[in-house]
Amino acid sequence: MEVSRLQRKVIQLKEKEKALILAHNYQRPEIQEIADFVGDSLQLCFAAIRAEDAKYIVFCGVDFMAETASILNPDKPVVIPDVEAKCPMVAQLPAKKVVEAKKKYPDAEVMLYINTLAEAKAEADVICTSSNAFRIASKLDSTKVLFGPDRNLAWYTAKRCSNKEIIPIPENGYCIVHKLFQVEDILLLKKSHPDAEVLVHPECDPEVQQIADFIGSTEQMRRRCFESHSKKFIITTEIGLIDRLKRELPGKEYIPAFEGAICYNMKRHTLEKVYHALESKKTVVKVPEDIAKKARLAIERMMGLSKQ
Ligand code: SF4
């Protein structure tokens, strides 16, 4: 079926069912276009709790994001269009590794990246996203902070919180997509486009972060494009953000730092699957209440600290 026709069908069904569609910045453009809200992980948390009027949420993102929306909305079904949309990074830090690290560093506070499953979040003192990691770390009482699973975000946070000892757990957690960016490729692009600003996500390797003009989450990168006087940007994150930028700020140019930076896990959702999810409501994401209760405390603490 033609994309625009299917989009209309999705919108009609969504309105009839009183559903709210939330989509991450890395979703396919045709999904971003019909979503009620598109954003980064932190914004999606806030959007999920503002969903009072919706009967249920269709979450176009990966597993940990849909779980987080469900934890924040225990009475509202959260449906994921493709249950296999899983972030490989979360498997790098199962709950038992967090428990082991807590035993090894009893005087440390545990700040976990939102890219973790609920069982791991339940072991944390607080959660963070790539947009607020150093702000949250700086507000913790303890000098030692256990942080995982992304080692590069740990490095970025440690650079900005010199009074904290950030201990990465595991030692070498990473995102398979952001690992693809190479300094040489970006420098070559910069040579051909000397007037372009290099925007880098903090999940990238430290060498890549060091050549950035700006480092931030997808939402912070988007805002930078709006606020900067530059007309050209080299975008060093998953290419879905470029689709959004082209749609919302068409007067500027966006050059992917690497065309192959595609998160196939995010892209598992398609318009057809969104339609079926709305129709069947079968693929509901549920977190056992004992785990959800503990994880909710850590997520809500982050949300509170983010507003301060
Ligand atoms: S881009 Fe990386 S961190 Fe984000 S969902 Fe994909 S694999 Fe996970």
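Remember, predicted model here, so these are calculated numbers, not experimental data. (Residues numbered from 1 in each chain as written. Predicted model: local features only at pLDDT ≥ 70, side-chain atom pairs only at ≥ 80, totals over all residues. Heavy atoms only, no water.)

Further remarks concern the site of the ligand. Taken together, Tyr 26, Val 62, Cys 87, Pro 88, Met 89, Asn 115, Cys 175, Glu 203, Cys 263 and Met 266 form the complete shell of residues around the ligand. One can see that the ligand is located within the largest cavity. Partitioned by chemical class, the residues of the shell around the ligand number eight nonpolar, one polar and one charged. (Near = heavy atom within 4 Å. 1 Å grid on protein atoms, 1.4 Å probe; cavity = no way out; pocket = protein on both sides within 12 Å on 5 of 7 lines; lining within 4 Å. Sits in = over half its atoms within 2 Å of the grid points. Nonpolar A, V, L, I, M, F, W, Y, C, P; charged D, E, K, R; others polar.)

This part is about the domain arrangement of the chain. Here the domain parsing of the chain yields domain 1 (3-85 + 266-286), domain 2 (89-174 + 290-307) and domain 3 (178-256). The centre of domain 2, based on its C-alpha atoms, is set 26 Å off from the matching centre of domain 3. On the domain 3 side, the residues contacting the twelve residues of domain 2 number twelve residues. Together domain 2 and domain 3 conceal approximately 990 Å² of surface at their shared face, both sides included; 55% is due to carbon and sulfur atoms. Considering only the side of domain 2, the residues that lose the most area to domain 3 are Asn 152, Trp 155 and Tyr 156, jointly responsible for 49% of the buried surface there. Put simply, domain 2 and domain 3 have zero salt bridges between them. Inspection of the domain 2/domain 3 interface yields eight residue pairs in polar contact (both at pLDDT 80 or more). Top contributing element to the side of domain 2 that touches domain 3 by residue count: helix α8 (residues 151-160), with five residues. Taken together, the residues that form the side of domain 2 that touches domain 3 break down as six nonpolar, four polar and two charged. (Domains from an automatic or database assignment. Contact = heavy atoms within 4.5 Å. Buried area = accessible area lost by both parts, 1.4 Å probe. Salt bridge = Lys/Arg side-chain N within 4 Å of Asp/Glu carboxyl O. Polar contact = N/O pair within 3.5 Å; in protein donor to acceptor, adjacent residues only side chain to side chain. Helix = DSSP H or I, 4+ residues; strand = E, 2+ residues; numbered from the N terminus.)

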